[in-house]
Amino acid sequence: MMEAHDRRLRAALILMEQNVENALSVSRLAGALGISRRQLERLFFREVNSSPAVVYRRMRLERAKQLLMKSDAPLIEIAIDSGFENASHFAKVFKRAYGQSPSAWRRSEFPAQTVER
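As a starting point, this report considers the structure included with it. (Residues numbered from 1 in each chain as written. Predicted model: local features only at pLDDT ≥ 70, side-chain atom pairs only at ≥ 80, totals over all residues. Heavy atoms only, no water.)

All right, on to the nonpolar core then. A general trend in soluble globular proteins is that nonpolar side chains are found buried together. By size, the foremost hydrophobic cluster in this structure holds 17 residues, and its most contacted members are Leu 13, Met 16, Leu 40 and Phe 44. Contributions of two or more residues to this core are made by helix 1 (7–18), helix 2 (26–33), helix 3 (37–48) and helix 4 (52–70). Residues within four places of Met 16 in sequence aside, it is in contact with Leu 29, Phe 44, Pro 52, Val 55, Tyr 56 and Met 59. (Core = buried A, V, L, I, M, F, W, Y, C linked by side-chain atoms within 4.5 Å. Buried < 20%, exposed > 50% of the residue type's maximum accessible area, 1.4 Å probe, protein only. Helix = DSSP H or I, 4+ residues; strand = E, 2+ residues; numbered from the N terminus. Contact = heavy atoms within 4.5 Å.)

Our focus in this paragraph is helix 3. Between its first and last C-alpha, helix 3 extends 16 Å over 12 residues, near the 16 Å set by a 1.5 Å rise per residue. Buried within helix 3 we find Leu 40, Glu 41, Leu 43 and Phe 44. The buried side chains of helix 3 occupy one side of the element, clustering within an arc of 160 degrees when seen end-on. The inward-facing, buried residues of helix 3 contact helix 1, helix 2 and helix 4. (Expected span 1.5 Å × (residues − 1). Arc of directions from axis to C-beta.)

Centre-to-centre distance and the angle between the planes together describe a pair of aromatic rings. Tallying each qualifying case throughout the model produces 4 aromatic pairs. Here the aromatic rings of Phe 94 and Trp 105 are separated by 5.9 Å at their centres, their planes lie at 75 degrees, and the arrangement is edge-to-face. Of this pair, Phe 94 sits in helix 6 (residues 87–98) while Trp 105 sits in helix 7 (residues 102–107); the two residues are 11 residues apart in sequence, bridging distant segments of the chain. Considered together, Phe 94 and Trp 105 belong to a single accessibility category, that of buried residues. What links up through ring pairs into an aromatic cluster is the set Phe 84, Phe 90, Phe 94, Tyr 98 and Trp 105. Arg 60 extends its terminal NZ or CZ atom over the ring of Phe 84, reaching a point 4.2 Å from the ring centre. (Phe/Tyr/Trp six-rings, centres within 6.5 Å; stacked < 30°, edge-to-face > 60°. Lys NZ or Arg CZ within 6 Å of the ring centre and 35° of its normal.)

In this model, the largest pocket occupies a volume close to 280 Å³. Looking at the largest pocket, it is lined by 13 residues, and the ones nearest its centre are Ala 23, Leu 24, Tyr 56, Arg 60 and Gly 83. Here the element with the most residues in the lining of the largest pocket is helix 4; it accounts for 4 residues. Across the lining of the largest pocket, the residue classes tally to 7 nonpolar, 3 polar and 3 charged. (1 Å grid on protein atoms, 1.4 Å probe; cavity = no way out; pocket = protein on both sides within 12 Å on 5 of 7 lines; lining within 4 Å. Points joined across faces, edges and corners; volume = space filled by probe spheres on them. Nonpolar A, V, L, I, M, F, W, Y, C, P; charged D, E, K, R; others polar.)

Glancing now at the environment of Asp 81. Inspection of the secondary structure puts Asp 81 in helix 5 (residues 75–81). By relative accessible area, Asp 81 is classed as partly exposed at 24%. Beyond its immediate sequence surroundings of up to four residues, Asp 81 is in contact with Val 20, Glu 21, Arg 63 and Leu 67.

As a further point, take the packing of helix 4 against helix 6. Running from N to C, helix 4 and helix 6 point in directions that differ by 95 degrees, and their axes come no closer than 11 Å. When the axis of helix 4 is compared with that of helix 6, the two are roughly perpendicular. Residues Arg 57, Leu 61, Glu 62, Ala 64, Lys 65 and Leu 68 of helix 4 form the contact with helix 6, whose participating residues are Phe 90, Val 93, Phe 94, Ala 97 and Tyr 98. Its residues assigned to classes, the contact of helix 4 with helix 6 comprises 8 nonpolar, no polar and 3 charged. (Axes fitted to C-alpha atoms, helices over the stretch in contact; angles between N-to-C directions. Parallel < 35°, antiparallel > 145°, perpendicular 65-115°, else oblique.)

Listed below in structure tokens is the structure:
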């Protein structure tokens, strides 16, 4: 988990990790912390220079990479286990982040490094 000084940010990151499969909306995440969506977004930008949505997507993509490395599960299963609605959306987001499709990444001997844009 990334380093966080603010207790609310730490709590948000923990909730995100606990809800990778069933991703929470940023509004629901903020509500669970007792703050507004805008307060949560400002907190993320101040502490980690990124939005909660981008951090959450990175967590979900990291989870997907672990599943791709450790299992031969179908892509739809990995997509759902990583909080994506379907394999198509997952493949599109994965390719944008890592420069190749999940299938190609899985097959490659030396998986691509993050090139998230």
